[in-house]
Amino acid sequence: MPVIEINNLTKDYEVGFWRKQKVRALDGLSLTVQPHQIFGFLGANGAGKTTTLKLLMRLIFPTAGSARILDRDISDVSMHARIGYLPESPYFYDYLTAREFLNYCGELFGLDTSVRNARTEELLTRVNLDQKSWDRQLRKFSKGMLQRVGLAQALVNDPEIVFLDEPMSGLDPVGRREVRDLIAALRDEGKTVFMCSHILSDIEVLCDSVAILKGGRVARSGSLEELRAQETNAIEIIATGADSSALKQVLSAKAEVTSTPSGIRIEVADEKDVDSVIAALRKIGGKLVSVQPVRQSLEDLFV
Ligand SMILES: Nc1ncnc2c1ncn2[C@@H]1O[C@H](COP(=O)(O)OP(=O)(O)O)[C@@H](O)[C@H]1O
Ligand SMILES: [Mg+2]
């Protein structure tokens, strides 16, 4: 059973002085997310990722279509007790300290004082916020520190599904790595993570399945493996010791030959030509370094 089901979701923003012009931000979006996995919602700036999350969180309302989370319609906000949300640009009460803010969030979910205090410390530790900052006001925090507080806030009710809008934004490389590990740990605990990002590498290393959003529609979706396999079954051969122009002549149309710093790269479109290419290579004194399928990166696919 999917835990998130989005059906034909459409959103027009009304813009202009009289609000007469319409901008279609989402155009009949449909997708499902299975439990206990990290789902990556990928798209360039302006693709409609944040709009989708805001609709799911009931911060804005759809022009058409519907969605269900944990088998409840999104209009049933009592389901919010079971989910967590990190907005794209969280705005916090910045005169509160990190500890006070998390305590306050816990109170909104009706947690007891003792549970709240314990959970606050547990989460601030978990997001690696330096203990010296726990009792400092949020207005003195850097963007990266606020992002950590935002993540802690999204977990305060021990949610079954966590929605994260660009969770790595504002973090340095070490911070990104820590947040990445944290997200992976959430899945290991059995939670479902729905994360938006325009950073391919973050999605590529973390997500079990992915939807690529383009102009408010899903352009591609599936597991990462499926998406990469779809495009090509070419084979890449790396070799050294051969003259690339000589090789080009021998192979002519069979393969594409390029020189790279690690040797000659030969791309063969069809697997049945691999043996003859290797034979031709050996004949002119080349040494085989590797033979492997061409794995399309998520970046190739995205572009
Ligand atoms: N409040 C708004 N009013 C008008 N247009 C908006 C509003 N919010 C977003 N948009 C437009 O909707 C489209 C999708 O935006 P958004 O959901 O923020 O994309 P993403 O998060 O993928 O970068 C963009 O073209 C954006 O300009
Ligand atoms: Mg966004």
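Since the model is a prediction, treat every value here as computed from it, not as a measurement.

A. Representation of the environment of Gly-216 within the structure. In this fold, Gly-216 is placed in the loop between β9 (209-214) and β10 (217-223). If we skip the residues at most four places from it in the chain, Gly-216 touches Arg-24, Ala-25, Leu-26, Asp-27, Leu-29 and Gly-48.

B. A look at the site of ligand 1. Taken together, Tyr-13, Val-15, Val-23, Ala-25, Gly-43, Asn-45, Gly-46, Ala-47, Gly-48, Lys-49, Thr-50 and Thr-51 make up all the residues around ligand 1. Every element with two or more residues in the shell around ligand 1 is listed here: β1 (4-15), β2 (21-33) and α1 (49-56). If one sorts the elements of the shell around ligand 1 by residue count, α1 sits on top with three residues. Of the residues contributing to the shell around ligand 1, the split by class is five nonpolar, six polar and one charged.

C. Fine view of the packing of helix α2 (residues 98-108) against helix α3 (residues 113-126). Across the interface, α2 lies against α3 with an axial gap of 9 Å and an inter-helix angle of 125°. It follows from the interaxial angle that α2 and α3 lie oblique. Where α2 crosses over α3, the two elements pack in a sense that is right-handed. The segment α2 lies against α3, with Ala-98, Arg-99, Leu-102, Asn-103, Gly-106 and Glu-107 engaging Arg-116, Asn-117, Arg-119, Thr-120, Leu-123 and Leu-124. For the contact of α2 with α3, a count of residues per class yields four nonpolar, four polar and four charged.

D. Layout of the nonpolar core. Counting residues in each nonpolar core, the largest one holds 58 residues, and the members touching the most others are Ala-152, Phe-163, Val-193 and Phe-194. With six residues, helix α4 (residues 143-154) is the single largest residue contributor to this core. Excluding residues that lie within four positions of it along the chain, Ala-152 makes contacts with Leu-102, Leu-123, Leu-124 and Val-127. Core analysis: the next-biggest nonpolar cluster, separate from the first, contains twelve residues, Ile-237, Ala-239, Ala-242 and Ile-264 among them.

E. Highlighting the domain arrangement of the protein chain. One can read the domain layout of the protein chain as domain 1 (4-229) and domain 2 (232-302). Taking only C-alpha atoms, the centre of domain 1 and the centre of domain 2 are 43 Å apart. Counting residues per element, the ones that place at least two in the side of domain 1 that touches domain 2 are α6 (200-206) and α7 (224-231). Here the side of domain 1 that touches domain 2 is built from residues that sort into five nonpolar, no polar and three charged.

F. Just unusual backbone geometry, in detail. One non-glycine residue, Arg-58, adopts positive backbone phi at about 70°. As for its placement among the helices and strands, Arg-58 is situated in the loop between α1 and β4 (64-69). Exposure remark for Arg-58: the 16 C-beta atoms within 10 Å place this residue in the partly exposed category. One non-glycine residue, Leu-70, lies in positive phi territory at about 50°. C-beta crowding within 10 Å serves as the criterion here: with 17 such atoms nearby, Leu-70 is assigned to the partly exposed category.

G. Quick peek at the packing of α2 against α4. Here α2 crosses α4 at 25°, and the two axes come no closer than 10 Å. Of the possible angle classes, the one that applies to α2 and α4 is roughly parallel. Viewed along their axes, α2 and α4 form a crossing whose handedness is right-handed. Residues Ala-98, Phe-101, Leu-102 and Cys-105 of α2 touch α4, and the partners they reach there are Val-149, Ala-152 and Gln-153.

H. Up close: the sheet that holds β4. The strand order β2-β1-β4-β5 describes an open sheet built from four strands, whose pairing is antiparallel. On the outer flanks of this sheet lie β2 and β5 (72-73), each paired with one strand and no other. With five bridges joining them, β1 and β4 adopt antiparallel strand pairing. Paired with Asn-7 across the two strands is Ser-66, which belongs to β4.

I. Local environment of the sheet that holds strand β3 (residues 38-43). Strand order in the open sheet made by the six strands is β6-β7-β8-β3-β9-β10, with mixed pairing throughout. In the strand order of this sheet, the two ends are held by β6 (83-86) and β10, each with one partner. The mean angle between the axes of side-by-side strands here comes to 15°, regardless of whether they run parallel or antiparallel. Here strand β7 (residues 161-165) runs beside strand β8 (residues 192-197); their pairing, made up of five bridges, is parallel. Bridging from a neighbouring strand, Ile-161 pairs with Thr-192 of β8. Taken strand by strand, α1 contacts β3, β7, β8 and β9, and its axis lies near 145° from that of β7.

J. Representation of the environment of Asp-158. Examined against the element boundaries, Asp-158 turns out to sit in the loop between α4 and β7. Sequence spacing of Asp-158 and Arg-119 is 39 residues, and the spatial spacing of their C-alpha atoms is 9.3 Å.

Thresholds applied
Residues numbered from 1 in each chain as written. Chains lettered and ligands numbered in written order. Predicted model: local features only at pLDDT ≥ 70, side-chain atom pairs only at ≥ 80, totals over all residues. Helix = DSSP H or I, 4+ residues; strand = E, 2+ residues; numbered from the N terminus. Contact = placed C-beta atoms within 7 Å. Near = placed C-beta within 6 Å. Nonpolar A, V, L, I, M, F, W, Y, C, P; charged D, E, K, R; others polar. Axes fitted to C-alpha atoms, helices over the stretch in contact; angles between N-to-C directions. Parallel < 35°, antiparallel > 145°, perpendicular 65-115°, else oblique. Left-handed = near helix turned anticlockwise from the far one by under 90°. Core = buried A, V, L, I, M, F, W, Y, C linked by C-beta atoms within 7 Å. Buried ≥ 20, exposed ≤ 12 C-beta atoms within 10 Å, placed from the backbone. Domains from an automatic or database assignment. Pairing = 2+ DSSP bridges.

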